[in-house]
Every structure is written in structure tokens, then in C-alpha cells.
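Descriptive structure summary
Single-letter residue listing:
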Amino acid sequence: MMVCEYKPGLEGIPAAQSSISYVDGQKGILEYRGIRIEELAAKSTFIETAYLLIWGELPTKEELAAFEEEVRLHRRIKYRIRDMMKCFPESGHPMDALQASAAALGLFYSLRDLHNPAYIRDSVVRLIATIPTMVAAFQLMRKGNDPVKPRDDLDYSANFLYMLNEKEPDALAAKIFDICLILHVEHTMNASTFSARVTASTLTDPYAVVASAVGTLGGPLHGGANEEVIQMLEEIGSVENVRPYVEERLQNKQKLMGFGHRVYKVKDPRAIILQDLAEQLFDKFGGDKYYDIAQEMERVVEEKLGHKGIYPNVDFYSGLVYRKMGIPTDLFTPIFAIARVAGWLAHWKEQLAENRIFRPTQVYNGKHEAPYIPLEQR
Ligand code: ACO
């Protein structure tokens, strides 16, 4: 057997062949099925982009209308799922609630028919349609309120914001939210996608695939960083405090949340678009003092860490956009999951098309022939 060098974090080791998305971390390029994200953000919708990623091509008018309609008709969740969610503790993190709810969906759709295209389509539709409903339902129920039913006359993003806030959203806010979902939907072999593919490779059901990926996305080194960015900006509190804060953290060898990326060595192209979206919101609804702190932070971090290729990542400005929309901080990562579910499902489908179970190796560095010491002698 070929012996490979051990790479912590599997850095640089290909885990799959994939035609879903492409990143050039030096040039700051991200493409979905070959199309630059700047173009999709300007011209597409989240549902169309999800279709593109999962089925490989942009849909025709008829295909798009059919997919939109299927997703629209599957937004409701079963009352048993709602009742189960009502029993979750209000203090629990919404990502944990989402992981449990996504896994529970699998209990209701336990037939596993992975070779049947209709089963694949139904699962894709159900997951994309119900994940936002589950996120919004938990948000209302943890405040002691009944969840709001989805509204069929609203598009995907407007409906989510409606279910969350119990009122129809502003049109610009809904459009910007939809673009945020496009920017978060897919990003090559990141930790949660790897987790999804490993789970998929065992030929389990797609609900288990999504639940395992949600669990992985929640960590602070991955999707959870967007929450910590806001906490960090709150802690800094003023533009004058930025430099001392950054210097102290670097001195203590602590990470600055929302900066750095395994692949990008320039500013994340998604952060550039998100910053512009944040500015559009501030123009319409008034500024945010945390934006001034964030901009100063970007300047100071570039000065200190730019030589290491450390720049803002996708999580740095997304929180400011969601904050301006009045979304609570601990929903930022579940919103990331609402988007990323389509990317995970594209990888699920691709994995199934040429599956081999993941079974890597390890470099054993433990003992051999160790004696068993009787309990009384230990
Ligand atoms: N702040 C300060 N220094 C950093 C940061 C940061 N955010 N990120 C990397 N560095 C430094 C490290 O200290 C290290 O320096 P050294 O070589 O002098 O020891 C060097 O850059 C390489 O860092 P690693 O942690 O080895 O890089 P890795 O590729 O393993 O990690 C990661 C990437 C996890 C994103 C990292 O940059 C990080 O922890 N960032 C903060 C958390 C964050 O924002 N995560 C969201 C990422 S985007 C996403 O998942 C959606």
C-alpha cells in the first residue's frame, strides 16, 4: 500500500472529484458549475442556483417554475415535528434544534430508495422546503409563541422572513437575504460538506446526511464564526478600541473571528459582495456603528496579517447584514444551513453517482504489546 504523508486537517488532500463548485484562493474566484458567484448574485435567485448546483445546469423557464412550485408546496412541517420541537429547551442553540429536527424528518420518510430519481427529487425538495420552516418555528416557539404557517404567495426568502418576524418583509431586505443564501449555498470540500459526503458514502438516508452536516457547520471554526464576529464587535465597542484589541489577541495567539481561510489568501469574494449588501441596507435603513468598527478592523488586520494571506472571510460581513434585518445572532448559523443544504444535497447526489465508502487510514503512534495491569495494581 502507498504510504502518504500525514497532513493535519487533510490540507491539500483531494477527498472527491467534483464538478459542483470551484475556488481559486489566490485570485479570489468562486464558481458554481462554472458560473462566477458575482454573476449569480446579480442575476439569479436562491432556488434557481440550488437547481443549478443539484442538477448541473441552469433550469429552463418550465423547469424552474416546476421546482419553485414543488418547494412552495412542501414548506409545511408535520405537527408531530412541531410538537417535538416544542419540547426542546428554549435555552438550546437553534443549530442543535435544527440538527435534531432534520434527523427527525428521516423518521417520517424512512423508505430509502437511493437509485430512484423520484426519491432523490422528493428528498431534495422536502429538505430545501422544510429547513427554513423548522428554523423559523423554533425561533417563535422558544419565545413561547405558536409557529406561523408558511405563505404560498411569497417567494422562498420573503416567506422565511415572514415566518420569522410574523410580518411581510421589506422587498429590498428580502432580495438581499436571497442573495445571502446564494453566497452561502456551496463552497467546495469544506468541513460540513466533507461530513455530508462521508455520511452519504454509507448509503444512509439524506436526512442523516443533512443532520451530520448541520452538526459540523455549527462549530466556531466553520459556520459558527459569524455569531462570534458580532460578539467580538460588541466587545470591541468603539473604533478606537480596534487596534489595541487586535494587538492583544495576536499577542495572546488568539484568532480573530471572521478572518482567515484555508483556501483564500485574499479577501473572500463573498465578503466583498456581502459588504456591498450591508451598505445597501445601511443606506435604506440607517447606519450601524459596528460597521465602522468592522471596517477599521479590516484595515488593522490587513496591516498586521495581510502578509500571511489573512483577510475577511464570508462570516465577517454576513452578521452585519443579518443584524440590520433584526435577525437574532444565534440564528446566523442556522441561516447559513438553510442555504448550504442545497450544496450538501448536490454533493449527496454526486457522491451516490460514483460511491465508494470513505475509509481513510491513520498513522498509529500508540503502544504495542502493552501488558494488561490488574485493577488492584494500577
Ligand atoms: N486570526 C489570527 N491569526 C490567524 C487567523 C485569524 N482568524 N487565521 C489564521 N491565522 C494564522 C494562524 O495563527 C497561523 O499562523 P502561524 O502560521 O504564524 O502559526 C496561520 O494564520 C495559519 O492558520 P491556521 O489556523 O493553521 O489555518 P487553517 O487553514 O487551519 O484555518 C481557519 C482556517 C479555521 C478558517 C482559520 O483562519 C480561523 O480559525 N479563522 C477564524 C474563524 C473563522 O472565521 N472561521 C470561518 C471560516 S469560513 C467558513 O468556515 C464558512
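Notes on the structure in this doc start here. (Residues numbered from 1 in each chain as written. Predicted model: local features only at pLDDT ≥ 70, side-chain atom pairs only at ≥ 80, totals over all residues. Heavy atoms only, no water.)

Counting residues in hydrophobic clusters, the biggest one holds 121 residues, and the most contacted among them are Phe46, Ile128 and Met297. Ranked by residue count, the leading element in this core is helix α6 (residues 117–141), at 15 residues. Here this core spans two domains, since at least three of its residues come from each of domain 1 (19–219 + 330–353) and domain 2 (225–324). With residues up to four places along the chain from it excluded, the contact list for methionine 297 reads Met232, Leu233, Ile236, Val242, Tyr245, Val246, Leu256, Phe259 and Phe316. (Core = buried A, V, L, I, M, F, W, Y, C linked by side-chain atoms within 4.5 Å. Buried < 20%, exposed > 50% of the residue type's maximum accessible area, 1.4 Å probe, protein only. Helix = DSSP H or I, 4+ residues; strand = E, 2+ residues; numbered from the N terminus. Domains from an automatic or database assignment. Contact = heavy atoms within 4.5 Å.)

With that settled, consider the pairing of strand β2 (residues 29–32). As paired elements, strand β1 (residues 21–24) and β2 share four bridges and run antiparallel to each other. Bridge pairing links aspartate 24 to isoleucine 29 in β2. Note: β2 against strand β3 (residues 35–36), two bridges, orientation antiparallel. In the sheet register, glutamate 31 faces β3, and the bridge partner there is arginine 36. Between β2 and β3, which pair antiparallel and follow one another directly, the connecting turn spans two residues, one of which, arginine 33, has a positive phi of 50°. (Pairing = 2+ DSSP bridges.)

Before going further, it helps to spend a moment on unusual backbone geometry. With a phi close to 65°, leucine 203 is a non-glycine residue in the positive phi region. Notably, glutamate 369 is not glycine yet its phi reads approximately 50°, a positive angle. Within the fold, glutamate 369 resides in the segment after α16 (332–353). For glutamate 369, a relative accessible area of 81% gives the class exposed.

This paragraph deals with the pattern of salt bridges. On inspection of all chains with the given rule, the structure shows 19 salt bridges. Between glutamate 247 and lysine 304 there is a salt bridge; the shortest N-O distance is 3.0 Å. Residue glutamate 247 is located in helix α12 (residues 242–251), and its partner lysine 304 is located in helix α14 (residues 289–305); the two are separated by 57 residues in the primary sequence. For glutamate 247, a relative accessible area of 34% puts it in the partly exposed group. For the salt bridge of arginine 270 with aspartate 268, the shortest nitrogen-to-oxygen distance reads 2.7 Å. For arginine 270, a relative accessible area of 2% gives the class buried. Its relative accessible area of 0% is what places aspartate 268 among the buried residues. Residues participating in the shared-partner salt-bridge network are Asp83, Lys86 and Asp146. (Salt bridge = Lys/Arg side-chain N within 4 Å of Asp/Glu carboxyl O.)

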